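What follows is each chain in one-letter form.
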Amino acid sequence: MNNNNQKQKIKIEKISEGRRKFLNITKSVGIAVLGGFIWSAYVDEVKASSIVLRPPGALDEPDFLKTCIKCGMCVQACHFRDSNVMKNNDGDITGARPPTLKLAKPGDNLPIGTPFFIARDVPCFMCDDIPCVPVCPSGALDITKVSRKVEKEPEPVLDINMAKMGLAIVDTTNCIAFWGIQCDACYRACPILDKAITLEYKKNERTGKHAYLEPVVHSEFCTGCGLCELACVTDKPAIFVLPLEYALGKAGSHYIKGWDAKDEERLKNAHSETTTTKISEKSALDSLNNMDELEDLY
Amino acid sequence: MKKYRFLIARRAVQISILFLYFAANAYGWSILVGNLSSSTLLGFIPLSDPYAVLQMFMAGAVISSTLVVGALIIFIFYAIVGGRVFCSWVCPINMVTDLANYCRRVFGLNQIQKKQPATRKMRYWVLAISLILSFALGVGAFEFISPISMVHRGLVFGMGFGWAAIIVIFLFDLLVLKNGWCGHICPLGGFYSLISKFRVINVKYDNDKCTECMKCKLVCPEKQVLFMITKETMPVLSGECTNCARCIEVCDDDALGFFLKIDEKKAKEIDNENN
Ligand code: SF4
Ligand code: SF4
Ligand code: SF4
Ligand code: SF4
């Protein structure tokens, strides 16, 4: 009898033990799922592509975000590049100007920890030796994007002019050169002088005797360094750099430059496709003059 | 002093490492450049956080050879000395959570809240979720919210609102859950616990010397690993032990100490030979 009682007790304990375990597991799974949702919603939000300028040679934004390990070595290299430090007679570094590159802090509203720059504060000075790129351990700054093969050189050489950090856009409404006032601040600030920005001559019909000299940016040369943006004389820069994703449109592959032999090449492999609908069965003229169908409309 | 020798050593190591990173960005030193996610030691030795690299891998990034080598160096180092040596000797958050824990003891908050409402296994869940989310979202998921990186980056490169992370963790550990962040949630701690299985540096416990004062369990941030106290003589084998050595220094009776697993193996061999 006594024995029986005990057995029952043990059984009950076992059940409640099992129940507790079950409840615990359900609770954990619940918390995990909930936490996972909040977490993913947050990460999705912050990685949503923001208008941000990346260092030279950066991969496309989605790849950049997964590849950059947020170490800040590019920032350090930019900060202490030779052209940015003050040295005493012994060659010891005594100070450095603020760097171009910064790591996004909480509060910058950018994907946290990633390097970026704000051109109108400190633009990229397009260092010939590009100190920021070779130090990147992760390949988020891709050296092949800013180096090219040169004859007689075994290794590809660095070429900062290949950088595509963004593209300068002119706000033609507020750029005073477009008003007819003489200004070529951006034109002169540009390191790729007379290629990335050219001044286009136009007659000023209002006065009849003056000229417009309008700055025009050429995307094949502009690196997006932002020196023009910093140089611009208007209160808020009338020339500014946007990431390529925002600055460039896309024409679509069905447009072909017939005058461009290389673009014309694309036609070679093109194949045409004719779709026939009910209306297009007849020629366009026939279908327009078809009185039966016209009558239907009334 | 003897009671704080390891604590002082740990703080010294933590602060020196922080300072070397800081000086790289502030004065252009090149001893240790970067931050805890990835860095270069002495200008040529790459170091990388293996957990961050694992997340990148899950996110589908192409992992550069520098990162692979760096992560391997760190992985092997911590696999040998004990993964959570990172927690107690390097991580800046450890100073915050240790302070919270100290305040809890001083203010007697542990008496009010005796029962811990959460399981310490939670960190492995967070670890698993972080890898799943990295895969699903295509970015290192924990790296986007990690208060460790946030605070460390903040100290090296500028804080922003990073202070908020410190305060949140401090208050959470102080008022909500004892050892809440480091002992329950942190997936990096979880990751390092998992790779600690075969470490060679362990804490050993001698039941014969123990006077059952329980000071060790009071200071231990992972006191479940000290389950053998008052019960049997054995080493602390759980990967969750941070090798912080607080237990060793507070013990008045020399019942706790470090031992090298290699030593023990040798001792056994000698034993066998003698028999
Ligand atoms: S190229 Fe631009 S971003 Fe790179 S180090 Fe020079 S100034 Fe800084
Ligand atoms: S060096 Fe490379 S990995 Fe490090 S922060 Fe810069 S871009 Fe990211
Ligand atoms: S146009 Fe502006 S952004 Fe473009 S290369 Fe010249 S100065 Fe730099
Ligand atoms: S067992 Fe000792 S060394 Fe390990 S975490 Fe606890 S106090 Fe630190």
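Residue numbers restart at each chain and count upward from 1, following the sequence in its written direction. As they are written, the chains are lettered A onward and the ligands numbered 1 onward, keeping that order. Side-chain atom pairs in this predicted model are given and counted only at pLDDT of 80 or more, local residue features only at pLDDT of at least 70, and totals for whole chains, interfaces and linings cover all residues. No hydrogens and no water enter the side-chain calculation; it runs on all heavy atoms of the structure.

1. Observations concerning the sheet that holds strand β4 (residues 201–205) of chain B
Residues and elements named next belong to chain B. Put simply, the rule is: Pairing between strands is defined by DSSP: at least two bridges between them are needed. Put simply, DSSP marks the helices as runs of H or I at least four residues long and the strands as runs of E at least two long, and each gets a number from the N terminus on. An axis is simply a line fitted to the C-alpha atoms; with a helix, the fit covers only the stretch in contact. Between two such axes, the angle follows the N-to-C directions and lies from 0 to 180 degrees.
As summarised here, the arrangement of the three strands in space is β5-β4-β6, forming an open sheet in which the pairing is antiparallel. Looking at strand neighbours, the two that pair on one side only are β5 (234–236) and β6 (256–260), the edges of this open sheet. Between one strand and the next, the sheet's axes are offset by a mean angle of 45°, whatever the strand orientation. When β4 meets β5, the two strands line up antiparallel, connected through three bridges.

2. So, the nonpolar core
In summary, soluble globular proteins display a tendency toward joint burial of nonpolar side chains. Test applied: Put simply, buried Ala, Val, Leu, Ile, Met, Phe, Trp, Tyr and Cys residues joined by side-chain atoms within 4.5 Å make one nonpolar core. For the exposure calls, accessible area comes from a 1.4 Å probe over protein chains only, and a residue counts as buried if that area is under 20% of its type's maximum, exposed if over 50%, partly exposed in between.
Formed by 111 residues in total, the largest nonpolar core has its most connected members in I239(A), Y78(B), F86(B), L226(B) and L256(B). The greatest single-element share of this core, amounting to six residues, is contributed by helix α7 (residues 122–137) of chain B. Judged by nonpolar contacts, the second largest core, of eleven residues, contains I69(A), A24(B), A52(B) and V53(B).

3. Re the site of ligand 1
What counts is decided by this rule: The nearness test applies per residue and asks whether one of its heavy atoms lies within 4 Å of the molecule or strand. Classification convention: Asp, Glu, Lys, Arg as charged; Ala, Val, Leu, Ile, Met, Phe, Trp, Tyr, Cys, Pro as nonpolar; all other residues, Gly among them, as polar.
What surrounds ligand 1 is the set P56(A), C78(A), R81(A), T100(A), L101(A), C124(A), F125(A), C127(A), P131(A) and C132(A). In terms of residue class, the shell around ligand 1 is built from eight nonpolar, one polar and one charged.

4. Thoughts on the pattern of salt bridges
Close approach of charged atoms allows side chains with opposite charge to pair. Note the cut-off: We count a salt bridge whenever a side-chain nitrogen from Lys or Arg sits within 4 Å of a carboxyl oxygen from Asp or Glu.
Summed over the entire model, instances satisfying the criterion amount to 15 salt bridges over all chains. Of the charged contacts, one joins D184(A) and R188(A) as a salt bridge, the two residues approaching to 3.1 Å between their closest N and O atoms. The exposed category is assigned to R188(A), whose relative accessible area is 57%. Residue R10(B) is joined to D98(B) by a salt bridge in which the shortest nitrogen-to-oxygen separation is 2.8 Å. Linking R10(B) in helix α1 (residues 5–27) with D98(B) in helix α5 (residues 93–106), this pair joins segments that are 88 residues apart in sequence. Overall, D98(B) belongs to the partly exposed group, its relative accessible area being 22%.

5. Some thoughts on the interface of chain B and chain A
What counts is decided by this rule: The criterion used for residue contact is that any of the two residues' heavy atoms lie within 4.5 Å. Defined here as a combined quantity, buried area equals the accessible surface (1.4 Å probe) lost by two parts on assembly, summed across both. N or O atoms within 3.5 Å of each other form a polar contact, as long as, within protein, one can give a hydrogen and the other can take it, and as long as residues adjacent in sequence are counted only when both atoms are side-chain atoms.
Counting residues at the interface gives 45 residues for chain B, matched by 35 residues for chain A. The three residues of chain B that bury the most area against chain A are L137(B), F144(B) and R153(B), which together make up 20% of that side's buried surface. Taken together, the links from chain B to chain A amount to zero salt bridges. Here chain B and chain A share six residue pairs in polar contact (both at pLDDT 80 or more) between them. Per-element accounting of the side of chain B that touches chain A gives the leading share, six residues, to α7(B). Here the residues of the side of chain B that touches chain A sort into 27 nonpolar, 16 polar and two charged.

6. Topic: a nonpolar patch on the surface
Residue and element names in this part refer to chain B. Condition: Surface patches are drawn from residues lacking salt bridges whose relative accessible area is over 30%; two like charges belong together within 9 Å, two nonpolar side chains (Val, Leu, Ile, Met, Phe, Trp, Tyr) within 5 Å. Only the protein chains shown count as cover for residues, and the accessible areas themselves come from Shrake-Rupley with a 1.4 Å probe.
There is a patch of nonpolar side chains on the surface, built from F19, F22, Y27, W29, I31, L42 and F44 and spanning about 690 Å² of accessible area. By secondary structure assignment, the location of I31 is in the loop between α1 and β1 (32–35). We classify I31 as partly exposed; its relative accessible area is 34%.

7. Considering the environment of I248(B)
All names here are of chain B. Tracing the chain through its elements places I248 in helix α13 (residues 246–250). By relative accessible area, which is 8% here, I248 ends up buried. Along the sequence, I248 and F258 sit ten residues apart, while their C-alpha atoms lie 7.8 Å from each other. In this structure I248 touches R5, F6, V203, L256, G257 and F258, once residues within four positions along its chain are discounted.

8. Some details on the environment of F6(B)
Residue and element names in this part refer to chain B. Position of F6 relative to the elements: it lies in helix α1. Placed 185 residues apart in sequence, F6 and F191 show a C-alpha to C-alpha distance of 24 Å. Leave out the neighbours within four places in its chain, and F6 touches W89, C244, A245, I248, E249 and F258.

9. What about the sheet that holds β1(B)?
Residue and element names in this part refer to chain B. Read across the sheet, three strands follow the order β1-β2-β3 without closing on themselves; strand pairing throughout is antiparallel. The open sheet has two edge strands, β1 and β3 (45–48), and neither has a second partner. When strand polarity is set aside, the average angle formed by the axes of neighbouring strands in this sheet is 15°. Pairing geometry for β1 and strand β2 (residues 38–41), over four bridges, is antiparallel. When the sheet's bridge partners are listed, L32 is paired in β2 with L41.

10. Notes on the pairing of β3(B)
One ladder, built from four bridges, connects β2(B) with β3(B); its direction is antiparallel. If you follow S39(B) over to β3(B), its bridge partner there is L47(B).

11. Overview of the domain arrangement of chain B
All names here are of chain B. We apply this condition: Annotation comment: domain bounds sourced from an automatic or database domain assignment.
What the domain assignment lists for chain B is domain 1 (2–194) and domain 2 (201–274). Taking only C-alpha atoms into account, the centre of domain 1 sits 25 Å from that of domain 2. Taken together, the contact between domain 1 and domain 2 spans 24 residues of the former and 20 residues of the latter. Summing the contributions of domain 1 and of domain 2, the shared interface buries around 1700 Å²; its carbon and sulfur component is 42%.

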